[in-house]
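In case you want the letters, here they are:
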Amino acid sequence: MTKTIIKFEHVAKKYGKNEIISDLNFEINQGEFVTVLGSSGSGKTTTLKMINGLEKPTKGKITINGNDLNDTNLVDLRRHIGYVVQSIGLFPHMTIAQNIAVTPNLLNWDKEKINKTVDDMLNQVGLDPKEYSGRYPAQLSGGQQQRVGVARALSTNPPIMLFDEPFSALDAIIRQDLQQEVKELHQNLSDKTFFFVTHDINEALFLGDRVMIMNKGKIEQFDTSEKIVSQPATDYVAQLLGTVRQNRALWEQFK
């Protein structure tokens, strides 16, 4: 039976008189990989931050795993939602093992469980615990740091993982490798829901089971990649797809 894990009902968000989100309505099922595509100012990151309560809606209702956010302890909620950001945010004075163990320590897990979790998470993201546990963030490449960021977000086995443009600062080859790894990671963790914000249309179409395309605080289309490519719902979506075809045509000239 399909379970709805994230639900927005008539959600709006204003900063003063500036309306970022107007009337947002959508549902995401447990285990889905949803990518959110939009240009700067489209409202995609604000939407992500409302899921874990970092931003509060001006009006409307948000339900996470069956719980109304208005009646939820947000600190406890955030400890059970993984969060991966572009800047990674690893603590430079802590080892990789200590970085991954931050939330488990806050939850007062015993040392043996924490050590096992650190090893399991590093293995999950393709980093050998014996080689990387004792290192510091400055001793890792950007791609390796981002892998540690994912491992840290997974440390408490959260049902929801939020990704806010995590690969946008990385070079193209590393980015492509990490996209493939995250896709495979989700396939191996099929019960987890991934909500992945990006401004890269190729990344969105490649990763998402469904793609939410946002523009000026509204959803233009929310569907599978196949449906979006074959049946764009609005002129805006068609224009986005046009940029992909234009780039493809450019490369064809050099064959």
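Fair warning: this is a prediction, and the values are worked out from it, not measured in the lab. (Residues numbered from 1 in each chain as written. Predicted model: local features only at pLDDT ≥ 70, side-chain atom pairs only at ≥ 80, totals over all residues. Heavy atoms only, no water.)

Student: Before we go on, may I ask you to explain the overall build of the protein chain in this structure?
Tutor: What the protein chain contains, in helices and strands, is eleven helices and ten strands. Relative to a compact globule of 255 residues, whose C-alpha radius of gyration would be 18 Å, the protein chain shows 19 Å and is just as compact. Overall size of the protein chain, expressed as C-alpha extent along the three principal axes, is 55 × 55 × 40 Å. The buried share among the 255 residues of the protein chain stands at 47%. Averaging the positions of the 29 positive and the 30 negative side-chain charges in the protein chain gives two centres separated by 5 Å. (Helix = DSSP H or I, 4+ residues; strand = E, 2+ residues; numbered from the N terminus. Rg over C-alpha atoms; globule rule 2.2 N^0.38 Å. Buried < 20%, exposed > 50% of the residue type's maximum accessible area, 1.4 Å probe, protein only. Lys, Arg positive; Asp, Glu negative; His and termini not counted. Charge placed at Lys NZ, Arg CZ, Asp CG, Glu CD.)

Student: Hey, could you run me through the UniProt feature "domain: ABC transporter" (unreviewed entry) in the protein chain in this one?
Tutor: If you check UniProt for "domain: ABC transporter" (unreviewed entry), the listed places come out as residues 6-241 in our numbering. This span, residues 6-241, is 39% helix and 27% strand, and a straight line between its end C-alpha atoms measures 27 Å. (UniProt positions renumbered as here; feature names shortened; annotations may be inferred.)

Student: It is not clear to me how the nonpolar core should be interpreted in this structure. Could you clarify?
Tutor: Soluble globular proteins: nonpolar side chains tend toward being buried together. Grouped together as the largest cluster of nonpolar side chains are 31 residues, with contacts concentrated most on I100, V148, V150, L154, M161, F163 and F194. Mapped onto this core, the elements with two or more residues apiece are α3 (96-100), α5 (111-124), α7 (142-154), β7 (160-164), α8 (172-188) and β8 (193-198). Looking at this core, the element that brings in the most residues is α7, giving five residues. By size, the runner-up hydrophobic cluster in this structure holds 27 residues, among which are I28, V36, L48 and M50. (Core = buried A, V, L, I, M, F, W, Y, C linked by side-chain atoms within 4.5 Å.)

Student: Honestly, unusual backbone geometry in this entry has me stumped. Any pointers?
Tutor: Despite not being glycine, N157 shows a phi value in the positive range, around 55°. Locating N157 in the fold gives a position in the loop between α7 and β7.

Student: What am I meant to see in helix α1 (residues 44-51) here?
Tutor: Residue pairs spaced three or four apart in an α-helix point in one direction, given the helix's 3.6 residues per turn. A large share of α1 lies buried, amounting to six of its eight residues. All buried positions along α1 are accounted for by K44, T46, T47, L48, M50 and I51. Just beyond α1, the residue with positive phi is G53, at close to 80°.

Student: Explanation requested: the sheet that holds strand β3 (residues 33-37) in the structure shown.
Tutor: Paired through backbone hydrogen bonds, the strands of a sheet run either parallel or antiparallel to each other. With mixed pairing, the six strands of this open sheet are ordered in space as β6-β7-β8-β3-β9-β10. Each edge of the sheet is formed by a strand with only one pairing partner; in this case those strands are β6 (81-85) and β10 (218-223). Averaged over neighbouring strand pairs, the angle between their axes works out to 15° when direction is ignored. Two elements, β3 and strand β9 (residues 210-215), share four bridges in a ladder whose sense is parallel. Residue pairing across strands places V34 opposite R210, the latter belonging to β9. In this fold α8 packs onto β3 and β8, with an angle of close to 160° to the strand it touches most, β8. (Pairing = 2+ DSSP bridges. Axes fitted to C-alpha atoms, helices over the stretch in contact; angles between N-to-C directions. Contact = heavy atoms within 4.5 Å.)

Student: Please explain the sheet that holds strand β2 (residues 18-29) as it appears in this structure.
Tutor: Spatial ordering of the open sheet is given by β2-β1-β4-β5, a layout of four strands whose pairing is antiparallel. The two strands at the open ends of the sheet, each matched to only one other strand, are β2 and β5 (67-68). Bridge count between strand β1 (residues 4-15) and β2: eight bridges; the pairing is antiparallel. Residue pairing across strands places K13 opposite I21, the latter belonging to β2.

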